[in-house]
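Letter by letter, the chains look like this.
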Amino acid sequence: MNLRTILTGLLGLALLVALVVPPAVVTADSTVVVKPSSMNNWFFINDQAATPALALATATGNFTPGPATPPAGTGSAHFLLSGSSDGQAITTPVTSPIPLSQITALSYDTYRSSFDSGNNLAVSLQFPIDYSTVDSNVGFQGRLVFEPYQGAGGTVTQNTWQHWNALGGRWWASRTTATGSNGLCPQSSPCTWAQVQANWPTAQIRPDANGLVLKAGSGWAVFNGNVDNFTIGIGGTNTTYDFEPETQCTAVCYVNAATGNDAYGGDTPATAKKTIQAAVTQVSPGGTVHVASGTYHEDVSVGKTLSLLGAGYNTTTVSGVPGGGSATVQVGAANVLIDGFTVTRDGNALATWNDPLNTAGVAVQGLTNNAEVRNSRFVGNRTAIDINNSNGNFVHNNIIDDNRTGLVFRNQTDNTTVTENFITNNWTVGVLFLNAGGAPPQQALNSHFNNNDISGNWYGQVVDRQSGGAIPPPGTTNTKDFTLNWWGTTNPVVTTSDSTEPPYAAQIPTTYGGTATAPGGQPDIAGPASANIVYQPLLCTGTDTDVETTPGRGTIGFQGDPAQNTFYKDNDNDGYGDPNVTAQGCTAPAGYVSDNTDCNDNAASIHPNAPEVCDGVDNDCDGLTDEGFTNTDGDTQADCVDADDDGDGVNDNVDNCPLVSNANQANADGDALGDACDPDDDNDGVFDVNDACPGTPTGTTVNSSGCPLAVNKDQCKGDGWKTLRRADNTTFKSQGDCVQYANTVK
């Protein structure tokens, strides 16, 4: 609750809702708890202040536990005066007149730890008085004041709760000269409650912003005391006000910049604290701090294990203040979780750039300290995340964009995991490894920096500046696993030269009123120890898949596509690769190609689309050998390479019919060709196809039909005439007919 707003509204416009129940209404007795997050129209004031605003601004009263055992609850309202001119009070408005005749109870309890020689000082009860309802005076006429010592001087003891019944004590008027007071009941001669009522029969508590006042001071040199358990009865119905401190949060604390107050307990969203630091300080080790949407201009120092949870980086921003600490969030404990914030700093403007602004968004330092930083956005920081001599940090699912430097790792930073982050467009480099003084030497053993988008950083994506004799030579035992990241290219430029960014004071980006822009043409992996950066294989595209990689982790930040291209060994340099010898990557290594259809990677003449040659080899890799060439026996070999073309079991080199199957090698005429392929088996000059008498013995004279021709009468002897023929291939009727033809050819 904003007390200044309450009081200003009361005095400037209209009074708040009635404190008390009108006399005509009878209700049950009740107790109202008054505490910082639920003031119930009570507020602390400096009663000596000149203006209402100053009264609120200089109020020092507060709620506190105890002291000892309070009469109501566990706490009380506390006043500690600074001197005799101080007068502190807790007050509540009265919005409707309260006739004194209707007041049936007025009591409270006090406690004081300070000493006064007369044992007189205790919190007083006061209210503005209207002496008469029948006169015309409705202005301020002073207060009626009850002080416990009046009529009982010397009885206010130290370190003891004492109960005071104001209706049984004495009262004095602060303005005895006011119209209607009749000069009665001065401080020097206070009156009993009965005398007050007799002196002013129609008197009433006048409506006022400071209607009922419990006050300490005004002329008291020293006072340290408390008040509690204030009861007012109207028409027999009592309302008791129990002043209590907040119930402070323990395991879970809440923060709300808009509605919170650091005086609140922070144990519920309705009683949230105003600043993150107040909740961090209050929460128990291992607890959780929930930070509502809003912008928090503060530095936060975390000195215990806890979870610091924003409502989401789009709605919850913590912005470090100029002149504060070096980091917006300083981690000084183990197992700290930071989740759901935008982390930046105030003062990012041309006029204030070189003022003492924060140097880091989140800083973790010390081997016993570490943090998990996730689901957050870092922008406008000198360094987004600075990890110095701290092991076991986990940085994931963040957007680290538009800072001077993305991440800095100093000295020993082992067992670090950095994954699924955008580390982009930072004005110097994305990730920087440094030796902060050289001892211990910079290292990141057993660390993994994978599946990040590390691109667009002005002077390099990753720079390793480790150097010195105590550090292992680059590329040996101090390597860093940067595989499977997107570098903005599939061919990162690597150099041992250091990055060449300008100094801080001279580099003010245009975003913040300066002139600095990305220079372009810078290396991707740089520094004297760039050989430590193991970056192959790398992601082949910068596509953010938004596919959750680990259950419950979500998709904030960058989730790259890990798919790699497969390339194939091209041993014979014919442009076709061996499907059995592969390499993964975004681009083909030397000696590899994207084709995998070579069936013989040791012969440049053998590959798909090569001309098929009849040589017993699959020259064109189509799975066929010597296709298109003659294969007489239809086996797996073309004739050009088949030792037995006709498949008759007789090799061609001894086969009398190499292209015609003739396993028996029959050769009636005994020439070079077997009968199966000899066009004239009997070698009589008449091809078998026209030979009417095939198989005629070799040397026999035949006619044009291939039959034996009678050319000698001796052929006609015996039965010889029966096998002989004339030239026209007619037969003979008898031996004599044969002899006559042989002699005459008639």
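Residues numbered from 1 in each chain as written. Predicted model: local features only at pLDDT ≥ 70, side-chain atom pairs only at ≥ 80, totals over all residues. Heavy atoms only, no water.

Visitor: Help me understand the overall build of the protein chain in this model?
Guide: The helix and strand inventory of the protein chain stands at five helices and 44 strands. In terms of overall size, the protein chain is more extended than a compact globule, its C-alpha atoms giving a radius of gyration of 55 Å where 746 residues would be expected to give roughly 27 Å. In terms of overall dimensions, the protein chain has a C-alpha envelope of 195 × 70 × 45 Å along the principal axes. Taken across its 746 residues, the protein chain has 50% of its residues classed as buried. (Helix = DSSP H or I, 4+ residues; strand = E, 2+ residues; numbered from the N terminus. Rg over C-alpha atoms; globule rule 2.2 N^0.38 Å. Buried < 20%, exposed > 50% of the residue type's maximum accessible area, 1.4 Å probe, protein only.)

Visitor: Looking at this structure, I do not really get the sheet that holds strand 44 (residues 592-593). What am I missing?
Guide: Hydrogen bonds along the backbone pair up the strands of a sheet, which may run parallel or antiparallel. Read from one edge to the other, the open sheet built from three strands follows the order 43-42-44, with strand pairing classed as antiparallel. Each end of this open sheet is capped by a strand with a single partner; those strands are strand 43 (578-585) and strand 44. Here strand 42 (residues 565-569) runs beside strand 44; their pairing, made up of two bridges, is antiparallel. Looking at the pairing, Lys569 lines up with Tyr592 of strand 44. (Pairing = 2+ DSSP bridges.)

Visitor: Sorry if this is basic, but what is going on with the environment of Thr636 here?
Guide: On the secondary structure map, Thr636 appears in the loop between strand 44 and helix 5 (735-744). Residue Thr636 is classed as exposed on the basis of its relative accessible area, which comes to 72%.

Visitor: Please explain the layout of surface pockets as it appears in this structure.
Guide: Which parts of space are left empty comes out when a probe the size of a water molecule is rolled across the atoms. Size it by volume and the largest pocket reaches roughly 380 Å³. Around the largest pocket, the lining comprises 22 residues; the ones closest to its centre are Gln126, Arg143, Val145, Ser174 and Lys215. Broken down by secondary-structure element, the contributors of at least two residues to the lining of the largest pocket are strand 8 (124-130), strand 9 (143-146) and strand 14 (208-217). For the lining of the largest pocket, the leading source of residues is strand 14, giving four residues. Counted by class, the lining of the largest pocket contains seven nonpolar, nine polar and six charged residues. (1 Å grid on protein atoms, 1.4 Å probe; cavity = no way out; pocket = protein on both sides within 12 Å on 5 of 7 lines; lining within 4 Å. Points joined across faces, edges and corners; volume = space filled by probe spheres on them. Nonpolar A, V, L, I, M, F, W, Y, C, P; charged D, E, K, R; others polar.)

Visitor: Explanation requested: the sheet that holds strand 35 (residues 431-434) in the structure shown.
Guide: Here eight strands make up an open sheet; going across it, the order is 20-23-26-29-32-35-38-40 and the pairing parallel. With one partner strand each, in any of the chains shown, strand 20 (300-302) and strand 40 (525-526) form the two edges of the open sheet. In the sheet, strand 35 pairs with strand 38 (residues 462-464) via three bridges, with the strands oriented parallel. Looking across to strand 38, one finds that Phe433 is bridged to Asp464.

Visitor: I would appreciate a short explanation of the pattern of salt bridges in the present structure.
Guide: Any two side chains of opposite charge can pair if their charged atoms end up close together. Tallied over the entire structure, the rule returns 14 salt bridges. Asp116 is the partner of Arg112 in a salt bridge, and the nearest nitrogen-oxygen pair spans 3.0 Å. Across this residue pair, the class does not change: Arg112 and Asp116 are buried. A salt bridge links Asp464 to Lys480; the shortest N-O distance between them is 2.6 Å. With Asp464 in strand 38 and Lys480 in strand 39 (residues 480-481), this pair connects stretches of sequence that are 16 residues apart. Of the two residues examined, Asp464 and Lys480, each falls in the buried class. If you follow the salt bridges from partner to partner, you end up with Asp47, Arg143 and Lys215 in one network. (Salt bridge = Lys/Arg side-chain N within 4 Å of Asp/Glu carboxyl O.)

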